[in-house]
Amino acid sequence: MNYIFGVIGGQSAGPQPTGAETVQKLCDRVASSTLLEDRRDAVRALKSLSKKYRLEVGTKAMDHLLHILRTDSSDTEILGYALDTLYNIVCNDEEEEQEENQQKQEDDMGVQFTDKFIQEPDNITLLLTMLEEFDFHVRWPGVKLLTALLKNQCAQLQGIILVSPMGVSRLMDLLADSREVIRNDGLLLLQQLTKGNAAIQKIVAFENAFERLLDIITEEGSSDGGIVVEDCLLLLVNLLKNNSSNQNFFKEGSYIQRMKPWFEVGDDNSGWSAQKVTNLHLMLQLVRVMVSPVNSPGATSSCQKAMFQCGLLQQLCTILMATGVPADILTETINTVSEVIRGSEVNQDYFASVNAPSNPPRPAIVVLLMSMVNERQPFVLRCAVLYCFQCFLYKNHKGQGEIVATLLPSTIDANSISAGQLLCGGLFSADSLSNWCAAVALAHALQDNLTQKEQLLRVQLATSLGKPPVSLLQQCTNILSQGSRVQTKVGLLMVLCTWICNCPIAVMHFLHNQDNVPFLTGQISENLGEDERLVQGLCALLLGICIYYNDNSLENYTKEKLKQLIEKRIGKENFVEKLGFVTKHELYSRAAQKPQPAFSVPEHMLFDHEFTKLFKELEGVITKAVLKSSEEEKKEEEVKKTLEQHDSIVTQYKELIREQDSQVNELKEQMASLTSQNDKLQDTITQQLSQIQQHKDQYNILKLKLGKDYQQTGSQADGAHVNGLQLEELSQLREQLEDLRRQNQLLQTQLTEKDNVITSLKAEGVPSAEGSTSENIEILREVEMLKAQLQSQTAEITQLQTERQELLGRCENREEVKALLESKESMEKELASATSTVAILQAEKSKLQQEVQDSKKEQDDLLMLLADQDQKITSLKQKLKDLGETIEDEDDLDTKDQFDDDEEEEEDDDE
C-alpha cells in the first residue's frame, strides 16, 4: 500500500519516475497482486492518471482492466474504477477548449482505443452484463463507457449488440431506473444506438419505448420541460424517421393523440425560454416526420386523418394565428401545417376555413400571403408561407378554383383584401423575391387544372388612368420584356409555361399579341451570361409549348411557321442546346430534390419543385416536335388516327370474343354436367342389370319348385297347391313383377335419352364444335350396348309375364288379379308422365347444343375479321417503322397470340 502511494505522489530522494513508468508499475501491480485491496488501489491510481496519461494508460492497461472486469466481478468498487478508467481512455473530452489539430488527434486516439476494445465481441457482451448490476458505481460508468464506444464506432457496436442475446432489452431497462442520472444517460445511449439502424429501431420500438418516452415527457412538463424532454424527443425522431414500420406502430398505438397536449400554448406567449423553443421545435419536427412527403402516400394519408380527428391540426392552426410566438417556432409551425394538409382534402378544407383573430376576421391564407409578399418579413418565414400555399393547392381543384375566383371581375370585393389581389400585387411589385413567390403561387393555382387556366384568361388589369385594361397574361409578358431581374424573369416564365401548357386557348391568346414571338426569338438567339442562359432556356420552353399545343387557329403562327421561324432565326440545334442548359443547372437539380423550397439566400430561389417535373416532362416532346418536318408530322398524325381507329375496332372485337368465350365456357360446363349425369345413369343401369339377374334366378327357383310339386300331387292336389301358392308366394311374385316394371321403365327412359343424344350428334356431324368427337363415339357405343342389354332384358321380362299369366290362369282369386291390373294401369300412367319429363329435358339439351353451334360459327367469323385487321395494323406499323418511329407491340402481340391459339384449337378440333 505504501508503495502505491509513493508511486502516486510520495516524495523520494531519488529522481521522479516518468508517467509511462508509473503506469507500467501500476499495471504490473494489477497483474501480480494477489490481494483484492492491492488490485483495487492500483486500478484507482490508474483511473487518476488516465486523463493526463491517456495514451500510456490505454496502451498498457486496457488488457489488465478487461481482465479485472472478468475476474473481480464480485467487487463493485473495483469494477467501478475499471469502467471509469476505460471511459477516460476511449472518451473524447469535448468540454475543454483545444486546438483543432490537437482535437483531431484526441478523436483519432479514441477511435483507435475503441477499435482495440471491440476486437473481441465478448468485451461488449461483458459490458452489457455489467449494466444489469444495480449498484450505481457500476451501472453509471458502464452506461457512459458504452455511449462513448457508440460515438466512436457506431456501426460496429450496433452489429455486435444486435446479435447479442437480450442486448437491446438490457439497454431499454435503463429507462426504468429510478435514478435520474442513469435514466438520462440511458437516453443518450439509446440515441447513439438507434442512429441509422432500422433493425435496432424496430426492436427498441417493440420494447415499449414509445410508451415510456411519452410518459417521461409528460412527467417532465412537456414543452416546458428541460433537457430530458429534448433527449426523449431526439430519440423519438431517431425511431420514427424513415422507418415506416415504427411510424405505423406509433399511429396504430394511438400515440399521435398523445401529442396534442404538447401544443397547448397559453395566451401569454412572452418570455419563451431557449429550452422551450428547442423542445417545441423538436415536437413540430416529430409531427413532420409522420407526414413527410417522402413517406408512402397511404401512411401519410392515414396519419393526416388521425391528426385531424384528434384535433392536432386545429391546435397547430391556433399556434399559427397566435400572437407573441417566436419567429422560428412560427416558421416551423407553418411548415408543419403545410405537410399535415398536403394532399388531404379534409385537412385542406379545414385550413381554408381558419380565420385570423382580427377585426374584421380574415382568412388565414390571406394573412399568410400578406407576409409572403412583404419584403420586410424574414426570408425563411416567406419561404414557409409559400410552401404552405403550395401544399394547400396540391391536388386540390376546389382550392385552386377558390383562389382563381378571387381574381375574376364578378367576385372582386373592393372593401376587402383577397388572395388574388395579394398575388397580383406581389407579381408586379418592385421586390424580385415577391415577384418570384407570387408567380410560383399563381402557377400552383393553375397546376393540372384546365378549367382555371381558361378562367384566368378573363382577368383584366387596369395599368394606369386613361388607358384601357390589359389581360393578366399580357401584363406578365409586358413586364417580362421590360428588362427585369433574372429572378423576376424566371418566375414570370414559369407561370406562363404552366398557364399555357396543355391549354390551346391560352396558347392562342399568347400568340395573338404580335410582340411575344419576336421577343422570345430575340431572347433565345442572343449570347448572354450564365444566369441569362437560364432565361433563354425557359424562353425556348415557352416557345416550344406554343408549337406543341398549337391548334393552328392563327394563320400567322401555325406550327409549321413557328418551326420555320426557329430554323431561320435561331437554328434547331441552338434551340435544343438552350433548352437543355436548364436541367444542367445546379439550382434546378436542388429544386428537383424535394417539394419544400430550401435555399440559403433569396438569390438562389429560381426554380420550383413542381415546375422541374413539368420541365422534365415537356423537354423531350418539344425537342421532338421542333426537329420533325411537317411531312413527317402529317404522316405520323394520319398513322396515329388510323391506328386509333383500328385499336377501337380491335377493342370491340376483343370484347365480343370475351363474351363468346364466356358463353362457350358456360356451354362446356353444361356439357360436362350432362356427361356426369350420363355416367350416373350408366352406373344405375349396371345396378339394375344385377338386380334383374337376381330376380331371374329367384323366379327360376320358384318355377322349378312349382313344377315338382305339381307332378307329385296330381290333378286334385294341383288345385290345392296353387291355392297355397296364392297365400304364401303370390304376393312375392307380385312385388318382384313391380320391381321389374320399374326397372323396365327406368331403362326405357335412359334408352330414350341416349336415342335423342345420338340423333342430335348425327345432326351436328362427326367433328363437334366442342372438340368432343371421340367422347360422342364412345357414348354411341355405350348406348348400342345398353340397347342390346335392354332388348334381352325385355325378352326376359316378357317371358316372366307369360309365365305369370299362366300362374294367374291357375289362380281362382279374381280379386287379386283385378288389383294387379289396376296397379298396372297406375304404373303405366306414371311411365307416361316420366316419358313426357324426359322429352322436355331432351328438348332443352338440344337447344343448348344448337347455341354451342351458333357460338362457334360467330367466333369463326370474328377470328376472320381479326385476321384482316391484324394484317392492316401490321402494314401500318411497318410504315411507321419506315418513318423512324418506335412502335410498342405488346397489345398487338397479345391479340396475335390469342388469334394463333384459337387457330391451333381449330386445327386440333378438325383433326
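Use the structure listed above.
Only a predicted model underlies this, so the values are computations on that prediction, with no experimental measurement involved. (Residues numbered from 1 in each chain as written. Predicted model: local features only at pLDDT ≥ 70, side-chain atom pairs only at ≥ 80, totals over all residues. Heavy atoms only, no water.)

Draft legend 1. Seen up close, the overall build of the chain. When helices and strands are counted, the chain shows 40 helices and four strands. A total of 911 residues make up the chain; the buried ones form 47% of that total. Contacts spanning at least 24 positions in sequence make up 73% of the contacts within the chain whose residues lie at least 6 apart. (Helix = DSSP H or I, 4+ residues; strand = E, 2+ residues; numbered from the N terminus. Buried < 20%, exposed > 50% of the residue type's maximum accessible area, 1.4 Å probe, protein only. Contact = heavy atoms within 4.5 Å.)

Draft legend 2. Representation of the packing of aromatic side chains in the model. In this structure the tally under the stated criterion is 12 aromatic pairs. Ring geometry for Phe210 versus Phe250: centroids 5.1 Å apart, planes at 85 degrees, classification edge-to-face. Residue Phe210 is found in helix 13 (residues 209-219), and its partner Phe250 is found in helix 15 (residues 244-252); the two are separated by 40 residues along the sequence. Judged by its relative accessible area of 0%, Phe250 falls in the buried class. Taking 5.9 Å as the distance between ring centres and 70 degrees as the angle between the ring planes, the aromatic pair formed by Tyr588 and Phe615 counts as edge-to-face. In this pair, Tyr588 is assigned in helix 34 (residues 586-591) and Phe615 in helix 35 (residues 609-627), connecting sequence segments 27 residues apart. In this pair, the class of Tyr588 matches that of Phe615, namely buried. Put simply, the rings of Phe206, Phe210, Phe249, Phe250 and Tyr255 pair up and form one aromatic cluster. We note Lys276 situated over the ring of Trp272; from NZ or CZ to the ring centre the distance is 4.6 Å. (Phe/Tyr/Trp six-rings, centres within 6.5 Å; stacked < 30°, edge-to-face > 60°. Lys NZ or Arg CZ within 6 Å of the ring centre and 35° of its normal.)

Draft legend 3. A look at the side chain of Thr488. Position of Thr488 relative to the elements: it lies in helix 28 (residues 486-500). Residue Thr488 is classed as buried on the basis of its relative accessible area of 4%. Once residues lying within four places of it in the same chain are set aside, the contact partners of Thr488 are Ser432 and Asn435.

Draft legend 4. Representation of a negative patch on the surface. A surface patch of like charges, here negative, comprises Glu851, Asp854, Glu858 and Asp861. Mapped onto the elements of the fold, Glu851 is located in helix 39 (residues 814-882). Judged by relative accessible area, Glu851 falls into the partly exposed class, the value being 34%. (Patch = residues over 30% accessible without salt bridge, like charges linked within 9 Å, V, L, I, M, F, W, Y side chains within 5 Å. Areas by Shrake-Rupley, 256 points an atom, 1.4 Å probe, with all protein chains shown as cover. Salt bridge = Lys/Arg side-chain N within 4 Å of Asp/Glu carboxyl O. Lys, Arg positive; Asp, Glu negative; His and termini not counted. Charge placed at Lys NZ, Arg CZ, Asp CG, Glu CD.)

Draft legend 5. A nonpolar patch on the surface, seen in detail. Where nonpolar side chains cluster on the molecular surface, the patch consists of Leu162, Val163 and Ile203 and spans about 250 Å² of accessible area. Here Val163 lies in helix 9 (residues 154-163).

Draft legend 6. Broad picture of the nonpolar core. Of all hydrophobic cores here, the largest spans 210 residues; its most connected members are Leu146, Leu171, Trp262, Phe263, Phe351, Leu472 and Phe607. The element best represented in this core is helix 22 (residues 379-393), accounting for 12 residues. Residues contacting Trp262, with those up to four places away along its chain left out, are Leu214, Ile217, Ser222, Ser223, Leu233, Leu236, Leu280, Met283 and Leu286. Counting five residues, the second largest nonpolar core, distinct from the first, contains Leu643, Val650, Leu876 and Leu880. (Core = buried A, V, L, I, M, F, W, Y, C linked by side-chain atoms within 4.5 Å.)

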